[in-house]
Structures are given as structure tokens and as C-alpha cells.
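This is what each chain is made of:
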Amino acid sequence: MTDALRYAGVTYSYPDAPSPALVEVDATIEHGAFALAIGPTGAGKSTLLRAANGLVPHFSGGAFAGHVVADGRDTREHAPRDLADVVAFVPQDAAASFVVDRVEDELAYGMENLGVDPRHMRRRVEEVLDLLDIAHLRDRSVRRISGGERQRVAIAAALAAGPRILVLDEPTSQLDPQGAEHVMAALQRLVHDHGITVLLAEHRLERVAGWVDVALGVDAGRVATGTPAEVIRTLAAGPPVARLGRLVGWEPVPLTVRDARARARAHGGAPGGDGDGHSRDSGDVLLAARGISARYGDTEVLHAVDLEIHQGEVLAVMGRNGAGKTTLLRVLAGVHDPARGAVATATGTPPRAGFDVALCPQEPERVLYGDTVEGEVRATLRARGATDAASPWLAALGIVPLASRHPRDVSAGQRLLVATAAVAATGAPVVLLDEPTRGLDPDTKDRLVRFLRAHAADGGAAVIATHDVELAAAAATRVVMLAGGEVIADGDPATVLGDSHVFAPQMTRVFGPGWLTPEQVAEAWA
Amino acid sequence: MNVAITPHAGPVTAPAADATRRTTWHPGAWILWSSFAGLCAFVTTDPVYLLLLWAVAWFVYTTHRVSEPTAASFRLFLIAGVVTLVLRTTLVVFGTIDLSSTAYAALEGLRLATILVVFGTFNAVTDPFGIVRLAPRRFHEPALAAALALSISPRMVSAVQRVREAQRLRGIRVAPLRSVPALAVPVLETGMEEALTLAESMDARGHGRGMRTRYRPQPWTAATILVVGSAATAFAMFLWASAAGWAELHPPTAPLGWPEAHPALLAAIALLAVPGFLRPGTASGHAERR
Amino acid sequence: MSAVAHHAPLDARGPLRTVVLVAMNLVGFAAFLWPFALPALTGDRRADGPLVLIVLVGSLGALLFMELGRGGLGAKAVALLGVLGAAVVALRLPGFVAGFSALFIPVLVGGNAFGPSFGFLLGAVGMFASGLFVGGLGPWLPFQMVAVGWVGAGAGLLPRGPNTSWRVRIGALAAYGFVAGYAYGGVMNLWSWPFVASGSAIGWERTGSTGENLRRYAAYYAATSFVWDTFRAFGNAALVVVLGRPLLGALDRAARKMHLELDAAPAAPAASAEPLPAGD
């Protein structure tokens, strides 16, 4: 049987690009394999995926050499629409990829294009609804379902026409843990029970690393295939347990918590002493929220919330989707009026948006409108009448090299940094970030954490609303848990995260409460 | 076609009845009904007929309105109708002002208002996506673009609100004439990026491939044929009366006289009320699957 | 089959098609201007009404049929029409309230960025979709679709492209937007004028001369939409001046990113067969 996907000597450059996006790529993915593309942002993962169904080069133009053969069809001779029954492609932003309003109609769209007989279409729609466990959504509008449901609908819509190869570009990057869980479980089922071949690009490897058959490490356009452990080790990527393995020299690096526990036992158990939750003494109160109850539409989203934000703090607000995190941030920023209670700054006045408090939104694109990255920062400075230079703000986020680039030409993670710089340039002492996890590759995460710590050390405070446990573990000096609109935990990270099952970082799961980051563990063992 | 994927739960049987789905009529029926009703209003200025048409339009609206934002448009059309009536009547100031010319102007205004009300019903009873789905194959792409415009616009409206708030939170206040680019550019740029994702997704799913088929095409049922037939008959009667002159369609205004109410034309208007007596989704209106 | 159809340029035309297109547009134009040109009809004025309306709507319908039914747009153009059309829909809503609606702006910049064919489609599709959404469907719809389509097409014929200076491009577009504001209002008012105002002193007089009807129409126009249109004309010009450059910049970038070929003749397949030159 032929392979599902075969890349042979593929070299490709986008039009007007200074350097190639893919260089001499040779890779083979067998039928029924679960393949994972890993690599830093901008390395070429997206290009690799799009070459699988011919979007590269037919949609994107440019210069293409080599061959990509998908289920026996060469993409040079077939446009993407001719491969629609062979390769299913699911982009990162599922919501933007929908064509019609109802879920059921969306599933049928691909088959309509292919001229499938209507009776056959009915059957396929039913099958694919069951396959992705979305039968209860058939009548719903695609706009009114959750992120995880949307992603599964997008997968179903691509699979309805019958392709056996599924290609997904970072499907969980915009999802909360529940949504990500559902999508990953669905993918696992597709591969293990139904023999679908899956090629996936992901950053968040915690969940998926254990299931993967073959990994493609992508770095500056070059691809190396191997087992996940091998590739993760060479690329310095991977979940915290893998990072720990690299730091401590474990060979091969562990990919799951279970692997890591086994290794830790062999290594001699947990390191001595309790971890330091890196909490700090609280400074002065910068912002105080008392008795906040807030509504969103008809539902009460926050109930009797008391929160004080102190100088020098990096506060992580955590909780499930719908727990009220975003609303809390908006109340703190002064843009959402609470039904009861009030927020006050150190001087007792309500916070002024953009002055006392600044917020970087969940979608950083919402604030970017300049021609250059530097221009974004200058726009903020101009708006508040400041004459400072823009470069210190860029330096704080580690993006000085990007100063003259167009803000929308940089990677998703870099956009977040640009938006954060633009927001920080307001000079507000309290900086809020709403779910800064989209497209967050390890490099971006590092820069962000460094900025947050520096900002707090300089006398400010930062608040991040997030469900990314590892980010909280790495950055926070204090963690607040919200559930059902109420604060259910508030304290130092070691205690709060250590107490939770769902929100425990990998290091805690391996070594117990108090251990938050691989660097911490490695240092204690040294 | 590749081998079908069998789900892990037993063999698939199609659901028995189309209960949850497509219980509305073929939109073509409504287009024709409202066109004929509008044309009936067009050929007369007799207030008896016109006001009866208002009643018919309201009746059909209450029995068939779709619970969508467009259903609210009926009230808007009603208001527009009244406003038109008033405006047309006031045009009389440009000529001689007396009872007869004012009555004339008022009747002209009533005619226009009636057409508006009829179309108010039309807008309230049709599903916008249904109309787009109706497009013949030749117009598939523009129709799809229209459907996309409909689906994407709510997202765009909320994007504007969110961008405005986000800019405020970095100290940039967007006022009607100040910093409008700070509002418009992110919305458009994000829209363009979404257009890219959409185009990729459409290509990847076979857009433009050739012969298309239609999933669950909406058939013409007995009910819809009856609706169109009765509306066409109504208009034919009005047209006949207008051409042959066996009824007075325009009450005299100089001097002022009583309007007529010819029984045949009253019956014709009653025919236009037929949709109100038929329910979508009933046995007679039930949409068959093929 | 091929990558050629994939990048179907929006403005490719054969000579015959161009002739037919121009002819249809002239017919469409006549449909709007008929009150000035049509000689007096015999018989009872009012009975002709529906027939005239049907003929008018029909001729515009034929024009729309031709422009919209050409096919081969491709996913990129459809996606762009969808997004920019959504902007038209979103902007039309407040227009009902304020009188002035910024809906021309997406049509102007879209037409200027992507060409006359796209501009026409955007105007037509945008008015159709917004009619569906705000509940504004009626016999006036074909007129609106064609009129706004022409606004978009005209914008595509103005200076555009990478070699034009911004000042020229924005200046021309702003001036055009100003004129289009009045022209649209004037023309939209015109087709309905005989139906709406007939019998009044400023209504259409079928037995009158062209000159007399022009005078009557001028009075009718002044009494009805002139103020509205003034707001629209100034509004368009102002918004183009303020937003034109950033918006057009965004659209040009999008065209580049999408690798959209609009004015070129059908090109060879995008996949080049030569391997990359060494050292590149």
C-alpha cells in the first residue's frame, strides 16, 4: 500500500520571500499514523501542512520544487480542490473557516462541491456527526457553539467528504483545557478506531505527546523525522517533563507525567526540601476590588468578589471557561460596571482605563493598527502626550529587532508581545493580560514571563487571566482561583496549584506540591 | 468516492421525519406572493382594497413570521408606510391646496404605503439564508458571498465594539472623527486575515470543482403551489379589472366621491390571505426529502 | 483541473463579452433615466404602471444576471466579497437611523483595491445581503444593487495600483465618493419618481418635454433627498480622506498575502517546474 503522505525533496519559497520556507524536505507518513509537527514558530510547520493538500503552492504562489504525494496523488498536478476527497485540512481559526450558518449545512458543503448524490450526503453527514460526537449540535448555528465544539465541527466538515488524511494546524491553540481535551480525544479515536491518518502541528504537547507515532521536527525549513522523544530532545521543545529531562540529562526524555515519575523514582525520588513557591511579601495596594458582583447579560458572572492587587505581584487568575475571569479583568480595568461593589485605586478613585490600568485583550490583533511595531508603541505614547522613545518598551518585551516590521507580518506569539508593549507603554502601574496563550510558543512565553517579573519588580503589578497552568507556574507570585463567579482559592502558587488536581502543573504531579517548574527541580538536584 | 467511514455505533438509519428542519416554505413562494400582492396594490388607489390588503398582510405576518431579527422589520415597514403616506400627502403643498388634491395625494400615499407593508410581511416571513440557498447553480458564488456577508456581519459588529474597548484600554479613545483608523483598521485587517483562512478552507473543501449537488433541496409542495396560484389569480383579476374597466379602481377625487368595493375584487384580496390558513410543516406543507 | 482557473483573474474579458457588457449597462442606465427619455405612452397612465415597473426591473435583472452569473470567481474572490460585504451589511444598519450611512466606504475602497468587476459585485452583493439582513427587500432592490454596483465599478476605474502616488489615489477616490453620493441619491430617486409623485405639481408629467420634466424633477429632488445626499457626499469624501490610505493599504496587503491576481491575463500554473536556483 502506498504511504498516506510523502514529501520528496520539497523546497519552497513564498513569493517575494528572502529565504525558503521549506528546504529539501523528505518525510513519509504511513497510513493510519498519528504524526506531529513540532518546532519553533515561523520554522515552517504551517507551510509543511499546507503542502499536504496543495494549498502550497497553488493557493500561495511562489517557487516550489520536489514532490508531495497524498494518497497517490501528486500535488503538483492537483489543485487543492481536487484533493478535497483525499486530504482534509483544518485551519487554526475554525470560526473563520465556516461557510454557512447551521452545523449540518456546514458538514454538507464539501460534499456539495464534490457533486455527491444527496442521499449519500445524508448518510455521510450522520456518520460524521457521530464520529466527532457532535450529533446534538446539528441544528445549532456555528456561531453559537463553544470553541472546542467549533473545532470538532470544522474537523467533521473536512472529513465528511471521505478523506482518510487529516491535517490540522494548531487545533487547540485557541481552546481552554476542556475544549482541547475533547478535540484531542476525538483525534485519538479517529486514528485508533477508524484508521485515519493525522498530521498535526502543535505547541501544547502535554496531552498529545504520548499518543504520537512519528514526529516531524521543523527548524528553519528543515525537517527531521523520528520518534517524539528524539525530536523533542533535539528541538528543545516539549512539555515541562521533557524540559526537565533535558536539563537533568535523562535519555530518552520523558514525554508524560507517568514517564517522568518512573524516571524520578529511578533517580532517587523527589529533590530535597520543599519547593519555593516563589511568593513574595506584598507591597502597597495598587488596586482594590470589594464586594464585586457583576452581570454579563442576564447571568450573574461574578459574586461578592474581594481582591486586592499589590505592588510587586504577578497574579494569575485561573478557572474554567465561563468562571468569570475576563469579566473580572474588565471590572478591574474600569470598563465594566459592577452591579454591586466598587474598585478603587490607591488614591481611592475608580480606575481610569488606559491610565491606572491597562489591558491586553485576548485577541491582540484588536489593538494593532500601525504600519510598524515601533509605530504601535508610539501611538500609545502619542495618545497620552508622552515624548519618550519607544525603544525601552520594545526592549522590555524583547522585540527590538522587530521594530520596523509590520505588526501583522510577525508570528502570533510575537503579535502578543507587540500588543503587550503597546499596552504597557501607557505607563499604567497595573497591567492586565487576558488569556495570553494563543500561539504562545516557548520563546514567547519566556519573554512574557521576563517582562511580567520585571514590571512587578519595578513597582507595578501584573494580572494574567489564564488556564495555562504551566504559565501560571512559571510566572505567578500569587494565584486566585475562580469558579462559578466566586473566589475559591487565593494564595501562593505552590499551595493553590499544589492543592488542585485539575490545575496542577506537571512538576507538581511528578514531585508533589511546591514544585512548579523544571528549572526549579533541576536546580534543587544540582 | 472513498470507502465510507463506519461509526462505532451500529448501522446508520436516517431520521424518520424532517421534523426539526426546513419546516418553512420555499422562499420562491413568498417572493411570488409578495410580488403579486404588491402589484395588486400598485394598480389601485381604492382605500377599501388597500386597507384590506393591510389587514391581509398583517394576518399573514402573524401566522408565518420567523423568529429572527428580520421579523422585527415588519414594524419598521409599517412605520415607513405611515411616514410615506404622510410625506406624499404633504407634497400637495407644491400645487393647489384643496380637498380634492389633498385626497388624491393621500390616496397615492396609501398605495405606496400598502406596497411597503406587503414587503414588510415578506421580510418577516422569510429566512435570509433560505433565499440565498435558493440561488440557481449559475449564481452559486455571488449567492454564497451574500450568505457569507450575512454570517460574518454580526462578528464584524461585535469586533467593532471590542476593538473600541481594547483601544480605550491602551489610552486611545475612538470618537466619531478622532482616531477612526484605530477602530477601522484592526477590524478590516482582522477581516482580511479571516478571509484568507476562509478562502483556504473553501479551496481545501473543493470549491469551484464543477457540478454541484444540493443537500436537502427545498421542494415545491402542494401548499406553496396553492399560495402562488391564488396570489397569481388575485393579481390577474386586478389586472383584468384595470384593463377592461369593469370595476372602478381609482375613486373619484374631483369631485370627491365614495370608493367602490366590488365583490369580485374583495374575493381576490381574500385569495391573498390563503397563506394565513396554511401552516408550514403540516401535512399539506410538509417538506419532502427528495 | 489546472491552477489557471484557480487564479481566475476577475477582470479578464473577451471582446464579445465586453460589447455585450457595455450594451447591458447602457440598457440598465436607460432603466434609471426612463422618465426623461420615454415618449408619452397612450392609454390610462395608471394601468401601464405595473408593466413599466416589470420592464424596468426585468432589464436591470438581465444586467445583474449577466454580471453575477459569469462564474469562475474562485474561493479568494468569494471570501473577500463575503468579508467586505459583511462590512456593508454592518454599516447599513446605523444608516437607517442617522440618514447617512458609511456603507459606500467598503464599496469604494474595495472597488479601488480589487478592480471594477469586483467593485460591481461588491456593491450588488452588499446591497442584496444588507437588504436581507435589515429587512429591506422590495422592488427597489435591483435598482439599489445596480446603482451601488456602479459606484464600486467606477472606483475600480480610478487610479490605483502600486505605481500611483497616495495623494492622487486618495484625492481621486474622495472626489469620486463626493460625486457618487449625489449621483446615487439622484438616480435612485429618479426611477421611483414617476410612481411616487405622479399627479403632483412636481411629479413626472408624461406629456411634458424633457426640459419641463427636468425642472419638475429638480424641484422634487430638492424637496426630498437633496439634504440626505449632501450628507452622504460630504461624509463619503471625509471618510475617504481620513481612512482611505490605511484601508487601501490593508486591502493591498491582503491581495499580496492571498497572492491574488486580478488584472493579469490567466497565468501559467503557479507551481513552477524549475527547482530553486542554488544559493538562493
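The residue numbering used here restarts from 1 in each chain and proceeds along that chain's sequence as written. Labels follow written order: the first chain is A, the first ligand is 1, and so on. Where local features are concerned, this predicted model is filtered to residues with pLDDT of at least 70; where side-chain atom pairs are given and counted, the filter is 80 or more; whole-chain, interface and lining totals use all residues.

A. Local environment of the overall build of chain A. Put simply, DSSP H or I for four residues or longer makes a helix, DSSP E for two residues or longer makes a strand, and each gets a number counted from the N terminus. The helix and strand inventory of chain A stands at 18 helices and 19 strands. It is over C-alpha atoms that the radius of gyration is taken, and the globule rule equals 2.2 Å times the number of residues to the power 0.38. Against the 2.2 N^0.38 benchmark of 24 Å for 526 residues, chain A shows a C-alpha radius of gyration of 24 Å, consistent with a compact globule. Principal-axis analysis of the C-alpha atoms gives chain A an extent of 70 × 55 × 45 Å. By the burial criterion, 61% of the 526 residues in chain A qualify as buried. Think of it as a crowd count around each C-beta: if 20 or more other C-beta atoms lie within 10 Å the residue is buried, if 12 or fewer it is exposed, and in between it is partly exposed, with C-beta placed from the backbone throughout.

B. The overall build of chain B, seen in detail. Across its full length, chain B holds 10 helices and zero strands. Scanning chain B from its N terminus toward the C terminus, one meets helices and strands in the order α-α-α-α-α-α-α-α-α-α. Burial status across chain B gives 48% buried among its 290 residues. Residues are scored as being in contact if the C-beta atoms we place from backbone atoms lie within 7 Å. Here the contacts in chain B between residues at least 6 apart in sequence split such that 78% fall between residues at least 24 apart.

C. Structural detail: the sheet that holds strand 6 (residues 87–90) of chain A. Residue and element names in this part refer to chain A. We treat two strands as partners when DSSP finds at least two bridges between them. The mixed open sheet is built from six strands, whose spatial order is 6-7-8-3-9-10. Only two strands of the sheet have a single neighbouring strand rather than two, namely strand 6 and strand 10 (222–226). Recorded for the sheet is a direction-independent mean angle of 15° between the axes of neighbouring strands. Pairing of strand 6 with strand 7 (residues 165–169) involves four bridges; the strand directions are parallel. Looking at the pairing, Val90 lines up with Leu168 of strand 7. A fitted line through C-alpha atoms represents every axis, and for helices the fit uses only the stretch in contact; the resulting angles, taken between N-to-C directions, go from 0 to 180 degrees. Strands in contact with helix 7 (residues 228–235) are strand 3 (34–38), strand 9 (214–219) and strand 10; relative to strand 9, the strand with the most contacts, it is inclined by about 20°.

D. Broad picture of the interface of chain B and chain C. Listed per partner, the contact involves 55 residues of chain B and 50 residues of chain C. The set of elements that each furnish at least two residues to the side of chain B that touches chain C consists of helix 1 (27–42), helix 3 (73–90), helix 4 (99–125), helix 5 (128–133), helix 6 (140–168), helix 7 (180–204) and helix 8 (222–244) of chain B. Counting residues per element, the side of chain B that touches chain C draws most heavily on helix 7 of chain B, which supplies 15 residues. Residue polarity follows a fixed list, in which Ala, Val, Leu, Ile, Met, Phe, Trp, Tyr, Cys and Pro are nonpolar, Asp, Glu, Lys and Arg are charged, and the others, Gly among them, are polar. Of the residues that constitute the side of chain B that touches chain C, the class distribution is 37 nonpolar, 11 polar and seven charged.

E. Representation of unusual backbone geometry within the structure. Following A:Val56, the chain continues into A:Pro57 via a peptide bond in cis, with omega recorded as 5°. Within the secondary structure, A:Pro57 is located in helix 2 (residues 55–59). With an omega of -10°, the peptide bond between A:Glu251 and A:Pro252 qualifies as cis. For A:Pro252, the location among the structural elements is in the loop between helix 8 (240–248) and helix 9 (257–267). You will see that A:Ala220, though not glycine, has its phi angle at about 50°, which is positive. Checked against the element boundaries, A:Ala220 lands in the loop between strand 9 and strand 10. Phi angles above zero are rare outside glycine, and C:His259 is one such case at about 55°. Note on placement: C:His259 falls in the segment after helix 10 (226–257).

F. Local environment of the domain arrangement of chain B. Residue and element names in this part refer to chain B. Reported domain spans reflect what an automatic or database domain assignment gives. Each assigned domain of chain B is listed with its residue range as follows: domain 1 (27–132 + 219–277) and domain 2 (134–204). Computed from C-alpha atoms alone, the centre-to-centre distance between domain 1 and domain 2 is 37 Å. Residue-level contacts link seven residues of domain 1 with six residues of domain 2. Within the residue set of the side of domain 1 that touches domain 2, elements represented by two or more residues are helix 1 and helix 5. Of the residues assigned to the side of domain 1 that touches domain 2, the class counts are five nonpolar, two polar and no charged.

G. Representation of the pairing of strand 1 (residues 5–13) of chain A in the model. All names here are of chain A. With seven bridges joining them, strand 1 and strand 4 (residues 63–70) adopt antiparallel strand pairing. Looking at the pairing, Arg6 lines up with Val69 of strand 4. Of the strand pairs in this sheet, strand 1 and strand 2 (residues 22–29) are connected by five bridges, and their pairing is antiparallel. Residue pairing across strands places Val10 opposite Val25, the latter belonging to strand 2.

H. Representation of the packing of helix 8 (residues 166–197) of chain C against helix 9 (residues 210–223) of chain C in the model. All names here are of chain C. At a closest axis distance of 11 Å, the pairing of helix 8 and helix 9 adopts a crossing angle of 105°. Compared by their axis directions, helix 8 and helix 9 come out roughly perpendicular. On helix 9, the residues touching Gly186, Asn189, Leu190, Trp193 and Ala197 of helix 8 are Tyr217, Tyr220 and Tyr221. For the contact of helix 8 with helix 9, the residue count by class is six nonpolar, two polar and no charged. Any angle that is under 35 degrees is reported as roughly parallel, and any over 145 degrees as roughly antiparallel; angles of 65 to 115 degrees are reported as roughly perpendicular and all others as oblique.

I. Examining the domain arrangement of chain A more closely. All names here are of chain A. Splitting chain A by domain gives domain 1 (5–238) and domain 2 (285–491). On a C-alpha basis, the centroid separation for the pair domain 1 and domain 2 is 33 Å. Each side of the interface is counted separately: domain 1 has 10 residues, and domain 2 has 12 residues. Taken together, the residues that form the side of domain 1 that touches domain 2 break down as three nonpolar, six polar and one charged.

J. The sheet that holds strand 12 (residues 299–310) of chain A, seen in detail. All names here are of chain A. Reading across from one edge, 12-11-14 is the order of the three strands in this open sheet, with antiparallel pairing throughout. Either end of the sheet is taken by a strand with one partner, and the two such strands are strand 12 and strand 14 (340–345). Going from strand to strand, the sheet's axes swing by 15° on average, the running direction of each strand aside. As paired strands, strand 11 (residues 285–296) and strand 14 are joined by five bridges and run antiparallel to one another. Across the sheet, the residue bridging to Ser293 is Arg340, located in strand 14.

K. Representation of the interface of chain B and chain A in the model. In this complex, chain B contributes 53 residues to the contact, which on the side of chain A involves 63 residues. Mapped by element, the contributors of at least two residues to the side of chain B that touches chain A are helix 6 and helix 7 of chain B. The element that contributes the greatest number of residues to the side of chain B that touches chain A is helix 7 of chain B, accounting for 14 residues. Grouping the amino acids of the side of chain B that touches chain A by side-chain chemistry returns 25 nonpolar, 14 polar and 14 charged.

L. Focus on the packing of helix 5 (residues 104–114) of chain C against helix 6 (residues 116–134) of chain C. Residue and element names in this part refer to chain C. Across the interface, helix 5 lies against helix 6 with an axial gap of 7 Å and an inter-helix angle of 155°. When the interaxial angle is binned, helix 5 and helix 6 end up roughly antiparallel. Here the hand of the crossing between helix 5 and helix 6 comes out right-handed. For the pair helix 5 and helix 6, contact is made by Val107, Gly110, Gly111 and Phe114 and by Pro116, Phe118, Gly119, Leu122, Gly123 and Gly126, respectively. If you view the pair so one helix is near and one far, a crossing is left-handed when the near helix is turned anticlockwise from the far one by less than a right angle, and right-handed when it is turned clockwise.

M. Region of the structure containing the environment of C:Tyr176. Residues and elements named next belong to chain C. Along the chain, the position of Tyr176 falls in helix 8. Once the C-alpha coordinates of Tyr176 and Phe36 are considered, the two residues, 140 residues apart in sequence, prove to be 25 Å apart. Setting aside its immediate chain neighbours within four residues, Tyr176 contacts Gly154, Ala155 and Leu158.

N. Broad picture of the environment of A:Asp16. Here A:Asp16 is to be found in the loop between strand 1 and strand 2. Separated by 46 residues in sequence, A:Asp16 and A:Gly62 place their C-alpha atoms 7.8 Å apart.

O. Summary view of helix 3 of chain B. Taking 1.5 Å of rise per residue, the 18 residues of helix 3 of chain B would be expected to cover 26 Å, and the 25 Å separating its terminal C-alpha atoms lies within 8% of that figure. Residues of helix 3 of chain B that are buried include every one of B:Ser73, B:Phe74, B:Phe77, B:Gly81, B:Thr84, B:Leu85 and B:Arg88, and no others. On an axial view of helix 3 of chain B, the arc spanned by its buried residues comes to 125°, and they lie on one face. Set apart from the buried face of helix 3 of chain B by more than 90 degrees, the exposed residues are B:Ile79 and B:Val86. Tucked into the core, helix 3 of chain B has its buried residues touching helix 2 (47–64) and helix 4 of chain B together with helix 6 and helix 8 of chain C. What a helix should span is 1.5 Å times the count of its residues minus one. What the arc covers is the set of directions going from the helix axis to the C-beta atoms.

P. Examining helix 9 of chain A more closely. Residues and elements named next belong to chain A. Those residues of helix 9 not exposed but buried are Asp259, Ala260 and Ala264. Taken end-on, helix 9 shows its buried residues confined to a sector of 130°, consistent with a single buried face. Across from the buried face of helix 9, at angles greater than 90 degrees, the exposed residues are Arg265 and Ala266. The inward-facing, buried residues of helix 9 contact helix 8 and helix 17 (506–511). Directly after helix 9, the chain includes Gly268, whose backbone phi takes a positive value near 110°.

Q. View of the confidence of the model for chain B. Residues and elements named next belong to chain B. Every residue carries a pLDDT, the predictor's confidence in it, which falls somewhere between 0 and 100. Summing up the model confidence of chain B, the mean pLDDT is 83 and the portion of residues at 70 or higher is 87%. Here residues 1–21 scores under 50 on pLDDT; set against residues more than four positions off or in separate chains, the count is 24 contacts. Long-range and interchain partners of residues 282–290, a stretch whose pLDDT sits below 50, account for 20 contacts in this model, where long-range means more than four residues apart. Here the prediction assigns the complex a pTM of 0.89, and the interface score ipTM is 0.93.

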